[in-house]
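Spelled out from the first residue to the last, the chains are:
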Amino acid sequence: MCGIVGYIGNKKAKPILINGLLRLEYRGYDSAGVATVEKNGITVVKSKGRVAALESVKAIDSLEGTIGIAHTRWATHGKPSDENSHPHTDGKKNFAVVHNGVIENYNELREFLGKNGYSFYSETDTEVIPNLIDYYYQKDSKDDDKKVLRAVISACSDLNGSFALEIISTFLPEKMIVVRKDSPLVIGRANGENYISSDIPAILSYTKDFYLLNDLEYVVLSRDKAEFYDKNLNVIKKDVVNIDWNASAAEKDGYADFMLKEIHEQPKSIRETIGSRLTSDGICSIESLELSKEYLSSLNKIYIVACGTAMHAGLATKPLFEKLCHIQTEVDIASEFRYRDPLIDEKTLVIFISQSGETADTIAALKLSKEKGAKTLAVSNVIGSSITREADYTVYTHAGPEIAVASTKAYTSQVVLMSILAIYFAEVLEINSDLIPDLKKAILKLPSQVEEVLKIDSMIKAFAKKVYTEKDIFFLGRGIDYAAAMESSLKLKEISYIHSDAYAAGELKHGSIALIEKGITVVSIMTDPALTPKTISNLQEVITRGAKTLVVTNQDLGDKVFDNVVKIPETISLISPVLSVVPLQLFAYHISKEKGLDVDKPRNLAKSVTVE
Ligand code: G6P
């Protein structure tokens, strides 16, 4: 989705802005632009296409300013075009604005501004913003140093929807104003300069000190300071938060793609997730989480709510919560949950999983849960992200920045952290389970076992070479393996554009087997000894009908001979997705490479879906 970068300091802004935009490319976009404050006013340069296209626009060479804003746009209102790209200005170029989010009442505002003499050049919702700011600025008879800020506050009060904004103005040429509502924006603080971005990794090479903004906190940035105000111009005190991410973690480090790098980082990221939460002498603790036995015993339901891969991490760990904690656990897609008036109250704990912590539907579902009286727990990878600030409790996956759109290391870290959470809850509840000591040992082994799995790469690559031209590839599994099959299928469709679905193996006969014909590829996961014989039967049914198969298993399949078997290390089936999904991440990766596709930036997808 759209990305924002900004700079105010003593260096030339343009290279910093371009560098930031390049780091935001992974989010997915179709046009880009910059605006800087120059001696003779604001200069805007923008272009449809990639950042490289923007860099080739002649006018960009003349930008000398040390204050600037920049944007990558993912079209929502209006097609990708030069006109619709950001930054947007009012007709007199008094104000230039970049915007992430959606202004829901822009038609109304356009009409209102039209009646007041303003005209528009683009189809975007954003263009109303600089015009509305100018409208309020011109109306204000008081001429003091807060005049632009007052105009911004008045304009934002009229906006319905979500927005993260950077605003520069010829009326305030030495400053910049930024504000957010339901859309991410952070300020990176350095000596005599401020960096602004929608995403921490884009400016991580400049600073690790960040101001994290709450909704509708208005920030007036100058080179050496950041002043925070509420809508009534009261000063807000804000502390700097140190983000302990290694800047090189946001680089490819010699790997061909971020996705491949992130797949290979999983032993490390899982180790970080486990951290000191699980020790070799069996102690399980979760920092900053104080849930009493009394509270957990009062629960009659746990909901796990998320989108995409994060939702699959919920599906993979639901059985653990039910088995260990004896609490009914439901998993729901955030965009469904938020509109179906779910049955939740103070006896429900709702866990929200979100790598970015900025997914619009997940945030909305969280707000709804709070309104209904439930306690909320965020599981996120990004410190200070929106869901972590909304939720009653937060635990971090600590997987490090994930850049590739298709999520890999965030997923395995989510499954690991949710598993540790389930153990922690069971221990607080004082539920005796023979399984817990074994599970703890098994979780501690996962990082080195993932290292083992990564060594199987060449066999998977060879199989990918055989099937990369296929139109459909199906995935089968039962129980926990069905959850892993869903995630593996999603990975494949995201980056290979091959149609793929995952089926509960036992459900195959109720319809989907009609799709099986000679030559079709079926991938099956089998990690649960109790269910493996059943899945083998299903697999034989598809082989009989001409399917070729890839089997991922840690089981001894006895005298059953299958053509392509990926043997993964043994573990307790309940946490097996951490191992079984890894070869299938590689499978998706190799297919995408064989097809010559952009693995890190698949078409139409965004890393973080910050609008509905
Ligand atoms: C997008 C991404 C997925 C991700 C999902 C949820 O669809 O492309 O990779 O799983 O959003 O994102 P979140 O940041 O909430 O985990």
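Each chain has its residues counted from 1, following the order in which its sequence is written. Local features in this predicted model are restricted to residues whose pLDDT is 70 or higher, and side-chain atom pairs enter the listing and the counts only when it is 80 or higher, whereas totals over whole chains, interfaces and linings include all residues. With hydrogens and water set aside, each side-chain value is computed from the structure's full complement of heavy atoms.

1. A look at the domain arrangement of the protein
Interface size is often expressed as the accessible area that is lost when the parts come together.
Here is step 1: Here the bounds of each domain stem from an automatic or database domain assignment. According to the domain assignment, the protein contains domain 1 (3-249), domain 2 (252-453) and domain 3 (457-594).
Here is step 2: Between domain 2 and domain 3, the C-alpha centre-to-centre distance is 25 Å.
Here is step 3: Contacts were defined at the residue level, with two residues in contact if any of their heavy atoms lie within 4.5 Å. Between domain 2 and domain 3, the contact holds 34 residues from the first and 27 residues from the second.
Here is step 4: Summed over both partners, the interface of domain 2 with domain 3 buries about 2,500 Å², with 76% contributed by carbon and sulfur atoms.
Here is step 5: In terms of surface lost to domain 3, no three residues of domain 2 exceed H312, Y411 and V453, which account for 23% of the buried area on that side.
Here is step 6: Here, a salt bridge means any side-chain nitrogen of Lys or Arg that lies within 4 Å of a carboxyl oxygen of Asp or Glu. Our enumeration of links across domain 2 and domain 3 arrives at 1 salt bridge.
Here is step 7: Two N or O atoms count as a polar contact when they lie within 3.5 Å, although within protein this holds only if one can serve as hydrogen donor and the other as acceptor, and sequence-adjacent residues are included solely when both atoms are side-chain atoms. The tally of links from domain 2 across to domain 3 stands at 8 residue pairs in polar contact (both at pLDDT 80 or more).
Here is step 8: Sorting the residues of the side of domain 2 that touches domain 3 by element identifies α6 (258-264), α7 (266-274), α9 (308-325), α13 (409-428) and α14 (435-454) as the ones contributing at least two each. Buried surface area refers to the total accessible area, computed with a probe of radius 1.4 Å, that the two partners give up upon joining, counted for both partners together. Helix numbering and strand numbering both begin at the N terminus, where a helix is a DSSP run of H or I of at least 4 residues and a strand a DSSP run of E of at least 2.

2. Here we look at the packing of helix α15 (residues 457-467) against helix α18 (residues 577-594)
Here is step 1: Look at α15 against α18: their axes get within 8 Å of each other, and the N-to-C directions meet at 45 degrees. Between α15 and α18, the interaxial angle falls into the category oblique. Of the two possible hands of crossing, α15 and α18 adopt the one that is right-handed. Counting all contacts with α15, which are made through D457, I460, K461, F463, A464, K465 and V467, the residues of α18 involved are P583, L586, F587, H590, I591 and E594.
Here is step 2: Classes in brief: Ala, Val, Leu, Ile, Met, Phe, Trp, Tyr, Cys and Pro nonpolar; Asp, Glu, Lys and Arg charged; the others, Gly included, polar. Looking at the contact of α15 with α18 residue by residue, the class counts come to 8 nonpolar, 1 polar and 4 charged. Under this scheme, a helix contributes an axis fitted over its contacting stretch, all axes are lines through C-alpha atoms, and angles between N-to-C directions fall in the 0 to 180 degree range. Just so you know how the angles are binned, under 35 degrees is roughly parallel, over 145 roughly antiparallel, 65 to 115 roughly perpendicular, and the rest oblique. With the far helix as reference, a near helix turned anticlockwise by less than a right angle produces a left-handed crossing, and one turned clockwise produces a right-handed crossing.

3. Points about the packing of aromatic side chains
Here is step 1: Aromatic contacts are taken between Phe, Tyr and Trp rings whose centres are within 6.5 Å, Trp giving its six-membered ring; a plane angle under 30 degrees counts as stacked, one over 60 as edge-to-face, and the others as tilted. Per the counting criterion, the structure on display carries 13 aromatic pairs.
Here is step 2: Considering the side-chain rings of Y303 and F337, the 5.2 Å spacing of their centres and the 70 degrees angle between planes classify their relative orientation as edge-to-face. Residue Y303 is found in strand β16 (residues 301-306), and its partner F337 is found in helix α10 (residues 334-337); the two are separated by 34 residues along the sequence.
Here is step 3: Look at Y424 and F425: their rings are 6.3 Å apart centre to centre, the planes differ by 55 degrees, and that puts the pair in the tilted class.
Here is step 4: Burial status follows relative accessibility: with a 1.4 Å probe on protein chains alone, a residue under 20% of its type maximum counts as buried, one over 50% as exposed, and anything between as partly exposed. Classification of Y424 by relative accessible area gives buried; the value is 10%.
Here is step 5: Accessibility expressed as a relative area gives 0% for F425, which makes it buried.
Here is step 6: Ring-pair connections join several aromatic residues into one group, and the members of that group are Y7, Y195 and Y206.
Here is step 7: A cation over an aromatic ring shows up here: K238 above the ring of F228, its NZ or CZ 5.9 Å from the ring centre.
Here is step 8: In this scheme, Lys NZ or Arg CZ marks a charge over a ring once it lies within 6 Å of the ring centre and within 35 degrees of the ring normal. Positioned above the aromatic ring of Y497, the side-chain terminus of R603 is 3.9 Å from the ring centre.

4. Some points on the site of the ligand
Here is step 1: In the region of the ligand, 13 residues are neighbours, and S354, Q355, S356, T359 and A606 sit closest.
Here is step 2: Residue S354 places a side-chain N or O atom 2.5 Å away from an oxygen atom belonging to the ligand.
Here is step 3: In short, Shrake-Rupley with a 1.4 Å probe defines the accessible areas, and a residue's cover is counted only from the protein chains shown. For the ligand, whose accessible area on its own is 390 Å², the fraction buried by protein is 90%.
Here is step 4: A class-by-class count of the residues in the shell around the ligand yields 5 nonpolar, 7 polar and 1 charged. Near residues are defined by distance, with any heavy atom within 4 Å of the molecule or strand qualifying the residue.

5. Re the nonpolar core
Here is step 1: The biggest cluster of nonpolar side chains holds 94 residues, and the ones touching the most others in it are L289, F321, L377, L421, F425 and F587.
Here is step 2: Ranked by the residues each element gives to this core, the list is headed by α13, at 13 residues.
Here is step 3: No fewer than three residues from each of domain 2 (252-453) and domain 3 (457-594) sit in this core.
Here is step 4: Every residue in contact with L289, bar those within four places of it in the chain, is listed here: L377, Y393, V395, L421, Y424 and F425.
Here is step 5: Residues belong to one nonpolar core when they are buried, are Ala, Val, Leu, Ile, Met, Phe, Trp, Tyr or Cys, and are joined through side-chain atoms within 4.5 Å. Core analysis: the next-biggest nonpolar cluster, separate from the first, contains 31 residues, L109, Y118, L172 and I177 among them.

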